[in-house]
Amino acid sequence: MSEKQPRVFPADFLWGSATASYQIEGAANEDGRTPSIWDTFCRTPGKVFQGDTGDVACDHYHRWADDLDLMSELGLKAYRFSVSWSRVQPTGRGPAVQRGLDFYRSLADGLLERGITPAITLYHWDLPQELEDAGGWPARETAERFAEYAQLVASALGDRISMWTTLNEPFCSSFLGYGSGVHAPGRTEPESVLKAAHHLNLAHGLGVRALRDTLPADAKVGITVNPGVIRARTEAPEDLDAARRIDALHTRIFTDPLLHGTYPEDLREDTAHISDWSFVRDGDEATIHQEIDFLGLNYYNPTVVSAPVGGRKAPRNDGHGASEHSPWVGSESVEFHLAAGERTDMGWVVDPTGLTDLLRRFGAERPDLPLYVTENGAAFDDKVDANGAVHDPNRIGYLHGHLDAVHQAIGLGVDVRGYFLWSLLDNFEWAYGYSKRFGVVHVDFETLRRTPKASARWYAEVVGSGRLPAAG
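Everything quoted here is computed from the prediction, not taken from an experiment. (Residues numbered from 1 in each chain as written. Predicted model: local features only at pLDDT ≥ 70, side-chain atom pairs only at ≥ 80, totals over all residues. Heavy atoms only, no water.)

With that settled, the discussion passes to the packing of helix α7 (residues 140–157) against helix α9 (residues 190–214). Relative to each other, α7 and α9 sit at 30°, their axes nearing to 8 Å. Taken together, the axes of α7 and α9 are roughly parallel relative to one another. Crossing handedness for the pair α7 and α9: right-handed. Side by side, α7 and α9 meet where R140, A143, E144, F146, A147, A150, Q151, A154 and S155 of the first sit next to H198, H199, L202, A203, L206, G207, A210, L211 and T214 of the second. Here the residues of the contact of α7 with α9 are counted per class, giving 10 nonpolar, six polar and two charged. (Axes fitted to C-alpha atoms, helices over the stretch in contact; angles between N-to-C directions. Helix = DSSP H or I, 4+ residues; strand = E, 2+ residues; numbered from the N terminus. Parallel < 35°, antiparallel > 145°, perpendicular 65-115°, else oblique. Left-handed = near helix turned anticlockwise from the far one by under 90°. Contact = heavy atoms within 4.5 Å. Nonpolar A, V, L, I, M, F, W, Y, C, P; charged D, E, K, R; others polar.)

So, in structure tokens, the structure goes:
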């Protein structure tokens, strides 16, 4: 297709945007909510930029109706949001709190009234602190608690919501939360990384069972992962092996048991000096390998790796935050390199080809499984100008390139059903606090005023027409 011709997407393609509870809701101490690991982490000196917290964030808990009106103005067809576990089941145990559930009921009803499909994520990193105190994700009980929580939410919202996701990016919860410590709960324990990854996988499997037992038969259930697009720096055997090792840790530790019912043997071998994997019990892999209706894929940038050179210790440019502790358990010596090209405010290279590669990979691995791009977007240093407008041409360029990459994958026969832009609002960007802006809607964190950026208007035109305009 010529670069000058518009890309036309399927008529039923699901256009949406996404957020996460701790990043936007605020109201951290209201209506029975108890602390999550991120509330605690934010209060640990030196962990979050300028000591920022999600106590107020975008105040979405109180401003949700206005935010839904914004979504409606932009013509969004779907909205992916997450539930705060400690808002609906404080401490992670026991009965649900109706006030917490009522918030999500109102949110779902408001979306439906505006013709927007609600897509719910049960876990986006905000584990109740009391469950962390009892061991967190390295403890098997946490997976069992998650299944009970999934059943509570499904019982309350199953009549309103038909698209359900168990977990968001279990890689970040395990490797960054328990390995490098740059995410909550900030632990740096190599074997705990592997245990956490397994119990997150197990939580998914147990959660799917609970959802299937509770939801209407036509509900769609899946998971969102953020597989690495790992590229060897050269074709040298040692660099190719470095890419294999990181692919096992970043991607296959999750997708192999999820999609095929077994952990990769090379992963076990690479990490045998860290753990004997006895935390995997008979039947666990079968439990993880539940039938799902879709796979959500998050993509931001590719990763370039090589074998170590000359025994030196190079900077770890893996894009996952600075820490003296490596998240890459068993493969700490692998070097990560900054690829050439334009960068976002996160320092991530802009490379849409990685998204096409990712979609093609899973389209080939499981051609029977519908795929959604559940997160994709970019942070830039956006400013409100003297006229009250926010011009963000770099973001528009980023989105154009990545939507074109999705369209290419569809043209190659990959079953991609939808795209959720990250993010609707500027928000609390985890350890970066409020210093990084991913939203297509600008938020003034002093006044909480919302200002749609130029990219929001651009995306609205794409959503409304189902067509990506020609480049340039």
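Moving on, there is more to tell.
A separate point is the packing of aromatic side chains. Applying the stated criterion across every chain yields a total of 35 aromatic pairs. Arranged with centres 6.3 Å apart and planes meeting at 80°, the rings of W38 and F428 form a pair that is edge-to-face. Of this pair, W38 sits in helix α2 (residues 37–42) while F428 sits in the loop between β12 (416–422) and β13 (441–443), and the two are 390 residues apart along the sequence. What makes W38 buried here is its relative accessible area of 0%. (Phe/Tyr/Trp six-rings, centres within 6.5 Å; stacked < 30°, edge-to-face > 60°. Buried < 20%, exposed > 50% of the residue type's maximum accessible area, 1.4 Å probe, protein only.)

Next up on the list: the UniProt feature "binding site: substrate" (unreviewed entry) in the protein chain. The UniProt feature table records "binding site: substrate" (unreviewed entry) at Q23, H124, N168, Y300, W422, E429 and W430. Examined against the element boundaries, H124 turns out to sit in the loop between β4 (117–123) and α6 (129–133). Residue classification places H124 among the buried residues on the basis of a relative accessible area of 2%. Setting aside residues up to four positions removed in sequence, H124 forms contacts with A20, Q23, S82, N168, E375, W422 and W430. Relative to the helices and strands, N168 is located in strand β5 (residues 163–168). The class for N168 is buried, based on a relative accessible area of 1%. Not counting residues within four places of it along the chain, the set of residues in contact with N168 comprises R80, T121, Y123, H124, W125, S173, T224, N298 and E375. (UniProt positions renumbered as here; feature names shortened; annotations may be inferred.)

Turning to unusual backbone geometry, a few remarks are in order. That bond from A184 to P185 is cis: its omega, 10°, falls within 30 degrees of zero. Backbone geometry places W125, a non-glycine residue, at a positive phi of 85°. Mapping W125 onto the fold places it in the loop between β4 and α6. The exposure class assigned to W125 is buried, which follows from its relative accessible area of 7%. Even without being glycine, E169 reaches a positive phi, approximately 45°. Position of E169 relative to the elements: it lies in the loop between β5 and α8 (170–178).

Now for the nonpolar core. Grouped together as the largest cluster of nonpolar side chains are 149 residues, with contacts concentrated most on W38, W137, W164 and L359. Considering every element that reaches this core, the biggest residue donor is α9, with 10 residues. (Core = buried A, V, L, I, M, F, W, Y, C linked by side-chain atoms within 4.5 Å.)

All right, on to the UniProt feature "active site" (unreviewed entry) in the protein chain then. On the UniProt side, "active site" (unreviewed entry) is annotated at positions that read E169 and E375 here. A stretch of 207 residues holds the annotated residues, and the largest C-alpha distance among them is 10.3 Å, short enough that they meet in one place. Here E169 falls in the buried class, since its relative accessible area comes to 5%. If we ignore the near neighbours within four places in the chain, the residues touching E169 are W125, T224, V225, N226, N298, Y300 and E375. Relative to the elements of secondary structure, E375 occurs in strand β11 (residues 371–375). Contacts of E375, omitting those with residues within four sequence positions, involve R80, H124, N168, E169, L297, N298, Y299, Y300, F420 and W422. A polar atom in the side chain of E375 sits 3.3 Å from the side chain of R80. (Polar contact = N/O pair within 3.5 Å; in protein donor to acceptor, adjacent residues only side chain to side chain.)

We classify E375 as buried; its relative accessible area is 4%. Taking the C-alpha atoms as reference, E375 lies 27 Å from T287; in sequence the two are 88 residues apart.

All chains considered together, the criterion is met by five cavities of 30 Å³ or more. In this structure, the largest cavity occupies an estimated 50 Å³ of space. Looking at the largest cavity, the residues that line it are S21, Y22, E25, G26, R33, G54, S84, R87 and D126. Split by residue class, the lining of the largest cavity holds one nonpolar, four polar and four charged. (1 Å grid on protein atoms, 1.4 Å probe; cavity = no way out; pocket = protein on both sides within 12 Å on 5 of 7 lines; lining within 4 Å. Points joined across faces, edges and corners; volume = space filled by probe spheres on them.)

It is worth spelling out the packing of α9 against helix α10 (residues 237–260) at this point. Axis separation between α9 and α10 bottoms out at 10 Å; the angle between their running directions is 30°. Considering their axes alone, α9 and α10 lie roughly parallel with respect to each other. α9 and α10 meet at a crossing whose hand is right-handed. Residues L194, A197, N201 and H204 of α9 lie in contact with α10, whose contacting residues are I253, F254, P257 and L258. Considering only residue class, the contact of α9 with α10 consists of six nonpolar, two polar and no charged.

It is worth spelling out the side chain of R87 at this point. Relative to the helices and strands, R87 is located in helix α4 (residues 85–88). In this structure R87 comes out as buried when scored by relative accessible area, which is 0%. In terms of polar contacts, R87 uses its side chain to reach the side chain of E25, at 2.9 Å. Once residues lying within four places of it in the same chain are set aside, the contact partners of R87 are E25, G26, A27, E30, R33, Y61, V97, G100 and Y104.

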